[in-house]
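This is what each chain is made of:
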Amino acid sequence: MRLRALPASRSLLAGAALLWALLLVGCVTPATATATAPSLGPVVALDFIQDGVTTIEECEPRLGPPSKKIPGAAGGQMLTFWLEQEAGEMHVFVDPRSLERARYSLVLSFDARGVLTRHALVKVWGS
Amino acid sequence: MSARGVSRIIALAFVVTLCGCIAIPIPGKPDPGRRDNIDERVGERFQPGISTREDVLLTLGEPADVAEDASWVRYTNVRNLGHWFIGGCGGYVCNAFETGDTIRYRTVTVFFDPAGRVREVLNFESPADFVPEIRLLDERYKAVAEPGEGLIEMFRGAAWRTADRWAPGTLFVTDRALLFFEITDSGPLYRLALRLPVTAIASVDWAPEGKAEGSERFALVRRADGASDAFAFTPLSGDLAPQVAVFDRARTEHFIDVAGWLRPPGRSPVPSRP
């Protein structure tokens, strides 16, 4: 086999390409973590929540288990839930892995009889 | 040569040094621990003796941590400010690297009296940056924390004087104890070297001056039994190299402030500094 001599310009180009390739050696594209986004929890309607009317027994069947139970005033109790809004609907989170998506904290305060006295939907992050 | 000439040379040297370098700020990803409603003014929303535990929760939402007897609740706000991408070429070599993320960590602890009314609000931001690996250490802390034990502050880049040497590690201040995790040469990387319950602590203050070189820059924890423990801190919250003690007044002062919130039974708390 007979090698054909390259013209000077093509040699220069090939040399430049080789140099460029050498310069790129060691460059890597950092792998991006492709963790599966946590799925939203079930849609919940919050219109049943009314101070002086809603009882603590009504909440768990509708909202699921609370994220925290904290003693309230005069023998009362407070329940908290994490919620996220998407497409105009509220979703409650029951999977702890999903908490990083929750922007709302629902706080329900019950008296000693288990009747809702005060509540608030607190936006904890996001514009 | 005139001062103007010297400054021109310095400016020229600076420009030449930076030739080929590029620094790009990379915004941080939203941290799962981010809480936009927890800021430096959150304490102003509550009045000691008047606001209730209900008021706090209904205003701020679910806390990150609650005492078993609900005598305090704790909120944290972790903000990732991002990092820098720095690249440059010199001669025939190009290189690039990224700095670690800059994290800001604010802790707000609200203490309540037995009637459930706000007693005081402790609100501070960790004064130095720390890298995300601190969370691994945080997990190690959780492994040894007692049920319901609340973390008040953690000091990476701390040193504990033991047996005539300064052991490097991380110091945790909780509502029940001081915990010091020493960095070890072999696994596990962090070992619980000291757990000093608040009941065993008589005082936390600056070390008496004049006893040893640098003594005015570390804190002395006096135990009720007469023994004492010394703690020092690096200027930044990076890990200390073993056997290297670097003292920083500002972080030591911060530690003394935070330790002032410990509540030894039967004693008045050390008042917070203005």
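Residues numbered from 1 in each chain as written. Chains lettered and ligands numbered in written order. Predicted model: local features only at pLDDT ≥ 70, side-chain atom pairs only at ≥ 80, totals over all residues. Heavy atoms only, no water.

On a plain count of helices and strands, chain A comes out with two helices and six strands. Across the 127 residues in chain A, those meeting the buried criterion constitute 32%. Here chain A displays about 8,400 Å² of accessible surface, and carbon together with sulfur accounts for 60% of that area. (Helix = DSSP H or I, 4+ residues; strand = E, 2+ residues; numbered from the N terminus. Buried < 20%, exposed > 50% of the residue type's maximum accessible area, 1.4 Å probe, protein only. Areas by Shrake-Rupley, 256 points an atom, 1.4 Å probe, with all protein chains shown as cover.)

On the side of chain B, 20 residues touch chain A, which itself brings 23 residues to the contact. Carbon and sulfur atoms make up 61% of the area that chain A and chain B hide from each other, which totals about 1,800 Å². In this structure, the connection of chain A to chain B is made through three salt bridges. Between Arg118 of chain A and Asp55 of chain B there is a salt bridge, and its shortest N-O distance comes to 3.0 Å. At the boundary of chain A with chain B, the tally comes to ten residue pairs in polar contact (both at pLDDT 80 or more). Counting only elements with at least two residues in the side of chain A that touches chain B, the list comes to strand 2 (68–71), strand 3 (77–86), strand 5 (104–110) and strand 6 (116–123) of chain A. At six residues, the largest contribution of residues to the side of chain A that touches chain B is made by strand 6 of chain A. Partitioned by chemical class, the residues of the side of chain A that touches chain B number eleven nonpolar, eight polar and four charged. (Contact = heavy atoms within 4.5 Å. Buried area = accessible area lost by both parts, 1.4 Å probe. Salt bridge = Lys/Arg side-chain N within 4 Å of Asp/Glu carboxyl O. Polar contact = N/O pair within 3.5 Å; in protein donor to acceptor, adjacent residues only side chain to side chain. Nonpolar A, V, L, I, M, F, W, Y, C, P; charged D, E, K, R; others polar.)

All names here are of chain B. With the rule as written, the count across this model stands at twelve salt bridges over all chains. The salt bridge partner of Arg34 is Asp36, with a shortest N-O separation of 2.9 Å. On the basis of relative accessibility, which here comes to 37%, the residue Asp36 falls in the partly exposed class. The residue Glu120 makes a salt bridge to Arg119 at a minimum N-O spacing of 3.6 Å. We classify Glu120 as partly exposed; its relative accessible area is 21%. Its relative accessible area of 39% is what places Arg119 among the partly exposed residues.

This part takes up the packing of aromatic side chains. Taken as a whole and judged by the stated rule, the model has eight aromatic pairs over all chains. A ring pair is formed by Trp160 of chain B and Phe180 of chain B, whose centres lie 5.8 Å apart and whose planes are at 50°; its orientation type is tilted. Taken together, the residues Trp160 of chain B in strand 7 (residues 151–162) and Phe180 of chain B in strand 9 (residues 177–183) connect sequence positions 20 residues apart. You can call Trp160 of chain B buried: its relative accessible area is 10%. Note that Arg62 of chain A overlies the ring of Phe48 of chain A, its terminal NZ or CZ placed 4.5 Å from the centroid. Taking the ring centre of Phe112 of chain B as reference, the NZ or CZ of Arg53 of chain B above it sits at 5.0 Å. (Phe/Tyr/Trp six-rings, centres within 6.5 Å; stacked < 30°, edge-to-face > 60°. Lys NZ or Arg CZ within 6 Å of the ring centre and 35° of its normal.)

Moving on, we come to the sheet that holds strand 10 (residues 190–197) of chain B. All names here are of chain B. One open sheet accounts for seven strands, arranged 10-9-8-7-13-12-11; its pairing is antiparallel. Each having just a single partner strand, strand 10 and strand 11 (201–206) make up the two edges of the open sheet. Strand-to-strand twist across the sheet, computed as the mean angle between neighbouring axes with direction ignored, equals 30°. Inspection of the sheet shows strand 9 paired to strand 10 by seven bridges, in the antiparallel sense. Within strand 10, the residue paired with Phe181 across the bridge is Leu192. Across the sheet, helix 4 (residues 249–259) is in contact with strand 7, strand 8 (165–174), strand 9, strand 11, strand 12 (219–223) and strand 13 (228–233); its angle to strand 7 comes to roughly 120°. (Pairing = 2+ DSSP bridges. Axes fitted to C-alpha atoms, helices over the stretch in contact; angles between N-to-C directions.)

Ranked by size, the top nonpolar core spans 29 residues in total, and within it Leu171, Leu178, Phe231 and Phe255 of chain B carry the most contacts. Leave out the neighbours within four places in its chain, and Leu171 of chain B touches Glu153, Met154, Phe155, Ala158, Leu178, Leu179, Phe180, Phe231, Phe233 and Phe255 of chain B. (Core = buried A, V, L, I, M, F, W, Y, C linked by side-chain atoms within 4.5 Å.)

Turning next to the confidence of the model for chain A. Confidence along chain A averages 77 in pLDDT terms, with 66% of residues attaining 70 or more. Ignoring residues within four places in sequence, the model shows residues 28–36 of chain A, a span with pLDDT below 50, making zero contacts including any to other chains. (pLDDT = per-residue confidence, 0-100.)

Moving on: the side chain of Thr174 of chain B. All names here are of chain B. Within the secondary structure layout, Thr174 lies in strand 8. Polar side-chain contacts of Thr174 include one of 2.9 Å to the backbone nitrogen of Ala177. Excluding residues that lie within four positions of it along the chain, Thr174 makes contacts with Tyr141, Glu149, Gly150, Leu151, Ile152, Leu179 and Leu262.

Right, let's talk about the environment of Arg119 of chain B for a bit. With respect to the helices and strands, the residue Arg119 of chain B is situated in strand 6 (residues 118–125). Residues Arg119 of chain B and Ile50 of chain B, spaced 69 residues apart in sequence, show a C-alpha to C-alpha distance of 8.9 Å.

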